[in-house]
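Structural characterization, general
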Amino acid sequence: MNKQETVKDDGRILIYYTFPTEESGSDPIAENEEDAHV
Amino acid sequence: MSELRWHPILEEWVITATHRQDRTFFPPPDYNPLAPTKPGGFPTEVPASDYDIVVFENKFPSLQRNPPAPAVQGTELTPVKPAVGVCEVVVYTPQADATLAELPVDKIEHLIWVWTDRFAALGASPDIEYVFIFENKGREIGVTLAHPHGQIYAYPFVPPKLQTEVHSAKRYWNQHNKNLFLAVLEQELADGRRVVTQNDHFVATVPFFARYPYEVHITARGEGKTCLSDFTRAEQRDLAAILKTMLVKYDNLFGFSLPYIMCLHQRPTIGESADHPYYQFHIEFYPPNRTQDKLKYLAGSEAGAGAYINDTLAEDKAAELRALEPRE
């Protein structure tokens, strides 16, 4: 899973999540490992 | 105007959000704010010509990262606080006329990954105590945008219903050294009459204590499954699969896309309960239909006294849902 975070003109956060097929089978939340146990 | 007002009699916060009166109400298809922005077309909330899943902060939020100062002064009896928090919109697909039930299991699994990411990201804030993921579906529920989407509210407090669940579960754990949700699930599985469908990691039931005729709870099996972050890849896959099964059964119930409220119940993200195993991840569905053409309204007993009256038996409704395609 890829995540692209942007900020809209009015300051609100907007995040695009994409799911390339070649990533099938990888750990989808690896990028958030540090936050995994909030 | 937006603020938290304390209700000292019920001991709960009430959120005021007067700006929400102006939110978009069933726009025509060419002005769908959740659609991709097409070249030369109406600029929607998503400035891209296509997307998989997109999340953005609500334009009309009940809670805000930097809320305005309260419009009124509180008192010792009725304190007032800024409505700090986050309200996000999760758009499931660029396809405006789709529903979650119609998405393939792979896409539902992707949505679970996104939910997991948002739970972790929002729950990491010290201002946030509870991350609530939900979907309101259908005009009957009060939805104002038909495009398939859900919402996430990150509250600065644990909401009352969740607080009650946490307290009950903690008390049961202290008395029995056992997870309350799993004790209930064990009873449901032993009885069997209220089980709708199940797989290796999740069980869907019309619970013994259902308050709506077609209320369904999907509960994670096994200890230590307190929130989305606790799931393995296989569990995420099974959650997507049972969601798909349940949603298709709902749509096959009366031959139309069934309205519902879908709520993900997870442990709070702050405090002692954030590290404690007495809580159990589950999803609750409340469809408003009690028959094909009759709705259940929350009237005097429910709204005024908090005492629900279910006109049906959970055992009968579970059997009805179990018999529908897709079956196990």
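Refer to the structure above for everything that follows.
Conventions used here
- Residues numbered from 1 in each chain as written.
- Chains lettered and ligands numbered in written order.
- Predicted model: local features only at pLDDT ≥ 70, side-chain atom pairs only at ≥ 80, totals over all residues.
- Heavy atoms only, no water.
- Helix = DSSP H or I, 4+ residues; strand = E, 2+ residues; numbered from the N terminus.
- Buried < 20%, exposed > 50% of the residue type's maximum accessible area, 1.4 Å probe, protein only.
- Axes fitted to C-alpha atoms, helices over the stretch in contact; angles between N-to-C directions.
- Parallel < 35°, antiparallel > 145°, perpendicular 65-115°, else oblique.
- Left-handed = near helix turned anticlockwise from the far one by under 90°.
- Contact = heavy atoms within 4.5 Å.
- Nonpolar A, V, L, I, M, F, W, Y, C, P; charged D, E, K, R; others polar.
- Core = buried A, V, L, I, M, F, W, Y, C linked by side-chain atoms within 4.5 Å.
- Pairing = 2+ DSSP bridges.
- Disulfide = S-S within 2.5 Å.
- Buried area = accessible area lost by both parts, 1.4 Å probe.
- Salt bridge = Lys/Arg side-chain N within 4 Å of Asp/Glu carboxyl O.
- Polar contact = N/O pair within 3.5 Å; in protein donor to acceptor, adjacent residues only side chain to side chain.

1. Structural notes on the environment of B:Glu11
Residues and elements named next belong to chain B. Its location among the elements puts Glu-11 in the loop between strand S1 (2-7) and strand S2 (12-17). The class of Glu-11 is exposed, set by a relative accessible area of 60%. Along the backbone, Glu-11 and Glu-302 are 291 residues apart, and their C-alpha atoms lie at a distance of 18 Å.

2. Remarks on unusual backbone geometry
Residues and elements named next belong to chain B. Going from Glu-325 to Pro-326, the amide bond is cis rather than trans, its omega being -5°. Considering the arrangement of structural elements, one finds Pro-326 in the segment after helix H6 (314-323). The phi angle at Glu-11 is positive, at roughly 55°, despite the residue not being glycine. Although it is not a glycine, Asn-177 adopts a positive phi angle of roughly 55°.

3. Describing the packing of helix H1 (residues 105-123) of chain B against helix H4 (residues 233-254) of chain B
Residue and element names in this part refer to chain B. Two numbers describe how H1 lies on H4: the axes approach to 8 Å, and their chain directions differ by 120°. When the interaxial angle is binned, H1 and H4 end up oblique. Relative to H4, H1 is oriented so that their crossing is right-handed. Here Val-105, Asp-106, Ile-108, Glu-109, Ile-112, Trp-113, Trp-115 and Thr-116 of H1 lie close against H4, whose contacting residues are Arg-233, Gln-236, Arg-237, Leu-239, Ala-240, Ala-241, Leu-243 and Lys-244. Here the contact of H1 with H4 is composed, by residue class, of nine nonpolar, two polar and five charged.

4. Section: the nonpolar core
Residues and elements named next belong to chain B. Counting residues in hydrophobic clusters, the biggest one holds 58 residues, and the most contacted among them are Ile-218, Leu-239, Leu-243, Met-262, Phe-285 and Leu-321. The leading source of residues in this core is H4, at nine residues. For Leu-243, the contacting residues outside a window of four places in its chain are Ile-108, Ile-112, Trp-115, Ile-218, Met-262, Ile-283 and Phe-285. The next biggest cluster of nonpolar side chains, apart from the first, holds 22 residues, and it includes Leu-4, Phe-134, Tyr-279 and Tyr-286.

5. A word on the sheet that holds strand S3 (residues 53-57) of chain B
The eleven strands lie next to each other as S1(A)-S2(A)-S3(B)-S5(B)-S7(B)-S6(B)-S11(B)-S12(B)-S10(B)-S9(B)-S8(B), forming an open sheet whose pairing is antiparallel. Each edge of the sheet is formed by a strand with only one pairing partner; in this case those strands are strand S1 (2-7) of chain A together with strand S8 (195-198) of chain B. With direction set aside, neighbouring strand axes in the sheet form an average angle of 20°. Where strand S9 (residues 202-205) of chain B meets strand S10 (residues 216-220) of chain B, four bridges bridge the pair, whose relative direction is antiparallel. Across the sheet, residue B:Val203 finds its bridge partner in S10(B), namely B:Thr219.

6. Brief notes about the sheet that holds S1(B)
Residues and elements named next belong to chain B. Taking strand neighbours across the sheet as the criterion, the three strands line up as S2-S1-S4 in an open arrangement whose pairing is antiparallel. Edge positions in the sheet fall to S2 and strand S4 (80-82), since each has one partner strand and no second. For this sheet, the mean inter-axis angle between neighbouring strands, taken without regard to orientation, is 30°. Bridging between S1 and S2 involves six bridges; their strand directions are antiparallel. The partner of Arg-5 across the bridge, within S2, is Val-14.

7. Examining the state of the cysteines
Counted under the stated rule, the structure contains zero disulfides over all chains. The structure places no disulfide on B:Cys87, whose sulfur is separated from the nearest cysteine sulfur, that of B:Cys263, by 15 Å.

8. Let's talk about the interface of chain A and chain B
Counting residues at the interface gives 21 residues for chain A, matched by 31 residues for chain B. Roughly 2300 Å² is buried in total at the junction of chain A and chain B, and carbon and sulfur atoms are behind 56% of that figure. Linking chain A with chain B are three salt bridges, by the criterion used here. In this structure, B:Glu45 and A:Lys8 form a salt bridge, with 3.0 Å as the shortest nitrogen-oxygen distance. Run the count over chain A and chain B and you get ten residue pairs in polar contact (both at pLDDT 80 or more). Considering each element in turn, the side of chain A that touches chain B owes the most residues, six residues, to strand S2 (residues 13-18) of chain A. When grouped by side-chain class, the residues that make up the side of chain A that touches chain B number eleven nonpolar, six polar and four charged.

9. With respect to the pattern of salt bridges
All names here are of chain B. In this structure the tally under the stated criterion is 23 salt bridges over all chains. Among the ionic pairs, Arg-65 bridges to Glu-57, the shortest N-O distance being 2.4 Å. A salt bridge links Asp-191 to Arg-193, with the shortest nitrogen-to-oxygen separation between them at 2.9 Å. We classify Arg-193 as partly exposed; its relative accessible area is 47%. Here the residues in one salt-bridge network are Glu-188, Asp-191, Arg-193, Arg-194 and Glu-315, joined through shared partners.

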